[in-house]
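Structural description and commentary
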Amino acid sequence: MFAQDRNEAKLLRIERKLDLIMRHLEITDPASELDLSEVDDLVRQGKKIQAIRAYRQLRPDASLVEARDVVEARDADR
């Protein structure tokens, strides 16, 4: 359990650093340009599988793992 908490903390630090680098280089996240309102609605309804499908329809190049990660992150943010 502690290892998982440590890994999550490391991941958050890495994401923050990456955000700073992207901001410095003026690189935008392609996912931030998508209208994810449908995905958010499905997440709010507890329909994560449908939310993953909706995300993959918006981003056909996204892997299943990436889509799941995005949906999980959006669920954690609400």
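Just above, that's the structure.
Only a predicted model underlies this, so the values are computations on that prediction, with no experimental measurement involved.

Applying the stated rule across the entire model yields 7 salt bridges. Arg 74 serves as the salt-bridge partner of Asp 40, at 2.6 Å between the closest nitrogen and oxygen. Taken together, the residues span a long stretch of sequence, with Asp 40 in helix H2 (residues 37-44) and Arg 74 in helix H4 (residues 64-77) at a distance of 34 residues. When the shortest N-O distance is used, the salt bridge between Lys 48 and Asp 75 registers 3.0 Å. Of this pair, Lys 48 sits in helix H3 (residues 48-58) while Asp 75 sits in helix H4, placing them 27 residues apart in sequence.

Roughly 1,000 Å³ of volume is contained in the largest pocket. Along the walls of the largest pocket sit 28 residues, with Glu 15, Asp 29, Asp 69, Val 70 and Ala 73 positioned nearest its centre. Sorting elements by how many residues they give to the lining of the largest pocket places helix H1 (residues 2-24) first, with 10 residues. Considered class by class, the residues forming the lining of the largest pocket number 13 nonpolar, 3 polar and 12 charged.

Asp 75 sits in the buried class, given a relative accessible area of 18%. Asp 75 has contacts with Val 43 and Lys 48, leaving out every residue within four places of it along the chain.

On the surface, a cluster of positive charge is contributed by Arg 6, Lys 10, Arg 13, Arg 16 and Lys 17. Position of Lys 17 relative to the elements: it lies in helix H1. Take Lys 17: its relative accessible area is 55%, and that puts it in the exposed class.

On the surface, Glu 15, Asp 19, Asp 29 and Glu 33 cluster together to form a negatively charged patch. Topologically, Asp 19 is positioned in helix H1. We classify Asp 19 as partly exposed; its relative accessible area is 42%.

The subject of this paragraph is the nonpolar core. With 12 residues, the main nonpolar core is built from Leu 36, Val 39, Leu 42, Val 43, Ala 51, Ile 52, Ala 54, Tyr 55, Ala 62, Ala 67, Val 70 and Val 71. Of all the secondary-structure elements, those providing two or more residues to this core are H2, H3 and H4. Ranked by residue count, the leading element in this core is H3, at 4 residues. If near-sequence neighbours (up to four positions away) are discounted, Ile 52 is found in contact with Leu 64, Ala 67, Arg 68 and Val 71.

How each quantity is defined
Residues numbered from 1 in each chain as written. Predicted model: local features only at pLDDT ≥ 70, side-chain atom pairs only at ≥ 80, totals over all residues. Heavy atoms only, no water. Salt bridge = Lys/Arg side-chain N within 4 Å of Asp/Glu carboxyl O. Helix = DSSP H or I, 4+ residues; strand = E, 2+ residues; numbered from the N terminus. 1 Å grid on protein atoms, 1.4 Å probe; cavity = no way out; pocket = protein on both sides within 12 Å on 5 of 7 lines; lining within 4 Å. Points joined across faces, edges and corners; volume = space filled by probe spheres on them. Nonpolar A, V, L, I, M, F, W, Y, C, P; charged D, E, K, R; others polar. Buried < 20%, exposed > 50% of the residue type's maximum accessible area, 1.4 Å probe, protein only. Contact = heavy atoms within 4.5 Å. Patch = residues over 30% accessible without salt bridge, like charges linked within 9 Å, V, L, I, M, F, W, Y side chains within 5 Å. Areas by Shrake-Rupley, 256 points an atom, 1.4 Å probe, with all protein chains shown as cover. Lys, Arg positive; Asp, Glu negative; His and termini not counted. Charge placed at Lys NZ, Arg CZ, Asp CG, Glu CD. Core = buried A, V, L, I, M, F, W, Y, C linked by side-chain atoms within 4.5 Å.

On their own, these measurements won't tell you what the molecule is for.
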